[in-house]
Amino acid sequence: DFLTSFGRALRSDSGVCALKELNLFTERCAASACEVEYLLDSLVLKKGAPLENVQVLVQCLNVEKARELGRGKYKSIRNLRLNLGSHPELPSLLGAFVTELEKSRGEETGSAKFESLDLDFRCHGQGFVVVGDG
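Residues numbered from 1 in each chain as written. Predicted model: local features only at pLDDT ≥ 70, side-chain atom pairs only at ≥ 80, totals over all residues. Heavy atoms only, no water.

Draft legend 1. Spatial organisation of the nonpolar core. Within the largest apolar cluster, 32 residues are counted, with the highest numbers of intra-cluster contacts made by Val56, Leu61, Leu69, Ile77, Leu80 and Phe97. Secondary-structure elements contributing two or more residues to this core are α1 (2-11), β1 (21-24), α2 (33-45), β2 (53-58), α3 (63-71), β3 (77-85), α4 (90-104) and β4 (116-123). Ranked by residues supplied to this core, first place goes to α4 with five residues. (Core = buried A, V, L, I, M, F, W, Y, C linked by side-chain atoms within 4.5 Å. Buried < 20%, exposed > 50% of the residue type's maximum accessible area, 1.4 Å probe, protein only. Helix = DSSP H or I, 4+ residues; strand = E, 2+ residues; numbered from the N terminus.)

Here is the structure:
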């Protein structure tokens with residue numbers, strides 16, 4: 001419920017509206033796909049000045065949100081750690097994210113522009129970590 005509560009604060013007229021940076025790199029907060037979706041949508045619907053730099057760890061999401069992350073819908077996310085572990089939909093999620101990321105690479109507007117991107121996942125019992133800096 002932490003991410004949902006924070007998403008509500010971003011959408012409200014509270015003092016959170018003045019935030020320019022947000023760091024949600026924490027592995028102690030296990031969030032459901034619904035909570036992650038609500039937070040991501042809140043980044044777009046945020047009242048006040050837009051966030052300039054969001055750092056977020058995503059451990060659970062649906063395929064559409066994976067596409068949106070890869071496409072660059074959430075412009076304020078500058079540092080993304082996508083930790084999917086051995087998510088049951090791993091091939092679909094990873095495929096959707098990477099496909100959209102690749103498609104948007106040459107675009108001036110709308111493309112994902114990450115300062116850092118960490119992909120962490122498990123496939124057939126093997127762990128993989130891909131780290132990149134923009």
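Draft legend 2. Fine view of the side chain of Ser104. Mapping Ser104 onto the fold places it in helix α4. According to the relative accessible area criterion, Ser104 is buried, its value standing at 3%. Polar side-chain contacts of Ser104 include one of 3.4 Å to the backbone oxygen of Gly70. (Polar contact = N/O pair within 3.5 Å; in protein donor to acceptor, adjacent residues only side chain to side chain.)

Draft legend 3. Expanded view of the confidence of the model for the chain. For the chain, mean pLDDT is 79; residues scoring 70 or higher make up 78% of the total. When the elements of the chain are averaged for pLDDT, strand β5 (residues 126-133) gives the smallest value, 61, and α3 the largest, 91. (pLDDT = per-residue confidence, 0-100.)

Draft legend 4. How the structure looks around the pairing of β2. Counting buried positions along β2 gives six out of six residues, so the element sits mostly inside the fold. Residues Asn53, Gln55 and Leu57 point to one face of β2 and Val54, Val56 and Val58 to the other, with burial holding for every one of them. Sheet topology places β1 next to β2; four bridges connect them, and they run parallel. Within β2, the position partnered with Glu21 by the bridge is Asn53. Of the pairings in the sheet, the one linking β2 to β3 comprises five bridges and is parallel in character. Opposite Leu57, over in β3, you have Arg81 as the bridge partner. (Pairing = 2+ DSSP bridges.)

Draft legend 5. Geometry of α3. Among the residues making up α3, those that are buried are Val63, Lys65, Ala66, Glu68, Leu69 and Gly70. Looking at the buried residues of α3, the elements they touch are α2, β3 and α4. The N-cap of α3, judged by a side-chain oxygen 3.2 Å from the amide nitrogen of Glu64 a few residues on, is Asn62. Positive backbone phi, approximately 95°, marks Gly72, located one or two places after α3. (Contact = heavy atoms within 4.5 Å.)

Draft legend 6. Quick peek at the environment of Asn62. For Asn62, the location among the structural elements is in the loop between β2 and α3. Asn62 sits in the partly exposed class, given a relative accessible area of 28%. Within polar-contact distance, the side chain of Asn62 engages the side chain of Glu37 at 3.0 Å. For Asn62, the side chain forms a polar contact with the main-chain nitrogen of Lys65, separated by 2.8 Å.

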